[in-house]
Structures are given as structure tokens and as C-alpha cells.
Amino acid sequence: MKQSQLFTKTQKETPTGEVSTNAQYLIRAGFVSKELAGAYAFLPLGLRVINKISNIIREEMDAVGGQELLMTALQEKETWEKTGRWSDEVVDNWFKTSLKNGNEVGLGFSHEEPLAKLMKSYISSYKDLPIYVYQIQTKFRNESRAKSGLMRGREFFMKDFYSFSRGKVEHEIFYEKMKDVYMKVFDRLGMKDKTYLTISSGGSFSKYSYEFQTVSDAGEDIIYIIDENNKVAINKDDFNQEVLADFGLDVKEKDLPTKKSIEVGDIYSLGHKYSKAFNLTYKDEEGKEELVYMGSYGMSPSRLMGAVVELNNDEKGMIWPKTVAPFDIHLIAIDGGDQSIVERAESLYEVLQKQGFEVLYDNRSEKTAGEKLNDADLIGIPLRIIISKKTLAEDSVEVKERKGGEAVLIKINDLNNYLEKNVQ
Ligand code: ATP
Ligand code: MG
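Residues numbered from 1 in each chain as written. Chains lettered and ligands numbered in written order. Predicted model: local features only at pLDDT ≥ 70, side-chain atom pairs only at ≥ 80, totals over all residues. Heavy atoms only, no water.

A. Here's a closer look at the sheet that holds strand β5 (residues 95–98). Taken in spatial order, the three strands make up an open sheet running β4-β6-β5, and their pairing is antiparallel. A single partner strand is all that each edge strand has here, and the edge strands are β4 (74–76) and β5. With strand direction ignored, the average angle separating the axes of adjacent strands in the sheet is 40°. Relative to strand β6 (residues 104–107), β5 is paired through four bridges, and the arrangement is antiparallel. Note that in β6 the partner of Ser98 across the bridge is Glu104. (Pairing = 2+ DSSP bridges. Helix = DSSP H or I, 4+ residues; strand = E, 2+ residues; numbered from the N terminus. Axes fitted to C-alpha atoms, helices over the stretch in contact; angles between N-to-C directions.)

Below, the structure is given as C-alpha cells:
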């Protein structure tokens, strides 16, 4: 994409009212625009990133047998009354509104109820199970605080995955597998090293659930690290002697290290809670009617985008991991109005694209070299290629990684080789 055609502009000033690094940089670089606290529009650069994150998640969910669907955001009251979760005392973050005929409806904050209801039409025999479905959908939550930028939206993207199994045994095998699947996603986002499988209270059905917590000062949670090697932690809210004893831990060690962290995902064993409410059953091999055993698995592409920025930035701006960067290469022409340089830059842009690289090409003639380089630092594309009079004098371009290191001169003829090694 030619940067002259990008309608968004970078801004120097920190946007007012934004306290989080992710929102400040994402707004300044033109990736997102704030509509209201906790609701952000995704602009072309930001949408490219969110789509890459979503596609990584999709690939991993598909690989484990997930079938993608899309539920409605509009939810009817009667469905949620079956489990008691329509009540504002039980769920404190509903957005509710009403139809013209006066019937109340809510905007979905999660989808266990409608999915249990929907599956009644498709599950009748043990032969129909297991079923794994997921969606990537906009969720609505009337959060009381929205100060963490993309990491706590009132309107945000969630990947919610639901498993429907024949019983506890079948469920637990899959549940264990999902722990690895989640870690694969975090690995691909470059955050595995800082992410801990975290013991958390289970909610109403199972005693424990698991969160995935990524250590960062920008996080809203606090975890106790109980096993650094295997990356296991306990959520501070759930830290007590009984939990420690349940996990065979030495009642560790009161002085365990604590860290601030971002909850980047969570997985729940739901048991029969929802299947019972909707009478979601199947006939087993003997023809006996059994309740379906459910699990749910959440993670948010938009919170993850915020988290990636929190983990990868410096004083100049963002530093995208290659896997989710809006473009592979930022090609910058420093031409000073010299048409011959412009032509060389244009042809390099064409060649790089033909080779399959995604390139943002800064062809803005009105900008100074300094302005272009500052913008490139802020936008944070992993690899920068500068083409200028100086580099062309050596038949070369200057290549530099955003994450640091020296700028190197590479002969234009050798560039393809270099890129094949350095850009995946
Ligand atoms: P939290 O404790 O952070 O409020 P939660 O446990 O209520 O999250 P879930 O209902 O389990 O969240 O949602 C699944 C996942 O969606 C969470 O693990 C988290 O990564 C993400 N998430 C939850 N709330 C938000 C939000 N307001 N904005 C962005 N992502 C969110
Ligand atoms: Mg949670």
C-alpha cells in the first residue's frame, strides 16, 4: 500500500483521556480511533492487525476440530432466564434494550445459553458427539472501568469456543488439549515466554478453571508464580491454603513472587450447568438419556492486540512481531524530489509485492526524511528499507529491524536473499 493513499495520519500528541500505552500508541499511529471510552473503531492499519490475530486463532481452533459459526449479538430474555443469568444481580455488565413491542433484549456478553439452546436441534445421539464450535464476534459488556485501552472494551472482539462432550472423561481429555492449543496461539503472538497457566476459581460447576495470564505492568490482575519452569501461577483472588493443598503445594511458601498480569484467555469446565437448564441430552449406546457435558474457552483478539502492544514498544512507538504486523516491510523513499530515485523506489515496491511481501511504501513527497522515519518508528513495522541517493550510490538499500540492531547496506541484487532469510 502506498502511504500517500492511506487516509489516516499519525499524530505527535498523546490523545487526551488515554492512560494506557496501547491506546496512546494505537491512536497516535492511526490504527484505531476512540468512539467512546471502551469502544474503538478499527482503521485500515489496525484492521490488518486484528485480522492477522483472528486468523492465527482460527487456524489453531480449526486444527483442534472447531467449526466456526456466528451467533447473534441480540439476545432474548427468556433464553437467559432459564439459567438465571438475565438478572442484573447475577450478571452486572449486561447492555439491555427493548424492541418496539416492549420485549426486552440484551446484547450478548457471552453465548453459553444460546448455544446450549441451539444444539438441542442437532444433538440427539451419542453418535452426534463430541461437537466443537467457535465464533469470533463482537461482545458487549457494560464494564464499569475502561482504562486499559483495547484490553478492556465495552464493545470488543471475543473468540468463544464451546465443547459438547459425552461425559466428564471425554471432556477432560479435550480440556487438557486446549491448554496446549492456547499456548500455541500465545507462542505465535510472541508472548508465550511471559504467559502462565493460572489456577482460578471455577465458577458454579467445577471447583477450578484456568486462566492464561501474561506478565505485564499494564495488566489489571495479580498472579502468584508457583512454578517458573512449567509456567504455572495462581490468581491472587483465588490464593488460599485450600487451593494450594488441592494442587499438592506446600502451604508455597507464603512469599511466592507476585506479578501484574493480563488475562489473555480462560477455559472453563461447565459440566451440566447449561445442558440441564435447556435439557440438552443425548441417548447413549444403551439408549439411556444423558446430559451433554460442556466446556467453554474464551480469548479476545482485541485484548490480545492491546497486550501485544504493551509487550512490544519503546519510547518511539510500537514494535510488531512479524506474525501480526500490518505489513512485512516499510519501504521508505528519501528522494528529495529526485525523479530517478522515485522511479527506483517504485520499481522496488512492485518487485517486493510480486515476491509476496506485504509492503507499506512511504512515497509521500511532502514529508522530510525525519518525519518519515519518526512515523515508521511509531507504526512499528518489523523491517524498514530505505532507498535514497546515498544508498543508490552503492547500488544498495539500507535495511534495519524495528526491534533494534544496526542498519545494514544490502545490494539491491542481494535483497531477495536477505529477505527470504529475515522475513517469514
Ligand atoms: P476479566 O476478568 O478480565 O473481566 P472475564 O474472566 O470476565 O475477564 P470471560 O468472560 O471469561 O472474561 O471472557 C473471555 C476472555 O475475553 C477473557 O479471558 C479476556 O481475555 C477477554 N475479555 C473479557 N472481558 C473483556 C473486555 N471487556 N475487553 C476485552 N477483552 C475481554
Ligand atoms: Mg476470566
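Still more ground to cover, so stick around.
B. Geometry of the site of ligand 1. Around ligand 1, a shell composed of 16 residues is seen, among which Arg141, Glu143, Gly153, Glu263 and Asp266 lie nearest. Side-chain polar atom of Ser300 to a nitrogen atom of ligand 1: 3.4 Å apart, as the coordinates give it. Residue Arg303 places a side-chain N or O atom 3.0 Å away from an oxygen atom belonging to ligand 1. Protein contact buries 83% of the 580 Å² of open area that ligand 1 shows by itself. Elements supplying a minimum of two residues to the shell around ligand 1: β8 (155–165), β13 (258–271) and β16 (293–299). (Near = heavy atom within 4 Å. Polar contact = N/O pair within 3.5 Å; in protein donor to acceptor, adjacent residues only side chain to side chain. Areas by Shrake-Rupley, 256 points an atom, 1.4 Å probe, with all protein chains shown as cover.)

C. Up close: the sheet that holds strand β22 (residues 396–401). Pairing within the open sheet is mixed, and its five strands lie in the order β20-β19-β21-β22-β23. The open sheet has two edge strands, β20 (359–362) and β23 (408–411), and neither has a second partner. Ignoring which end each strand starts from, the neighbouring axes of this sheet average 25° apart. Inspection of the sheet shows strand β19 (residues 329–334) paired to β20 by four bridges, in the parallel sense. Considered in β20, the bridge of Ile332 is made with Asp362.

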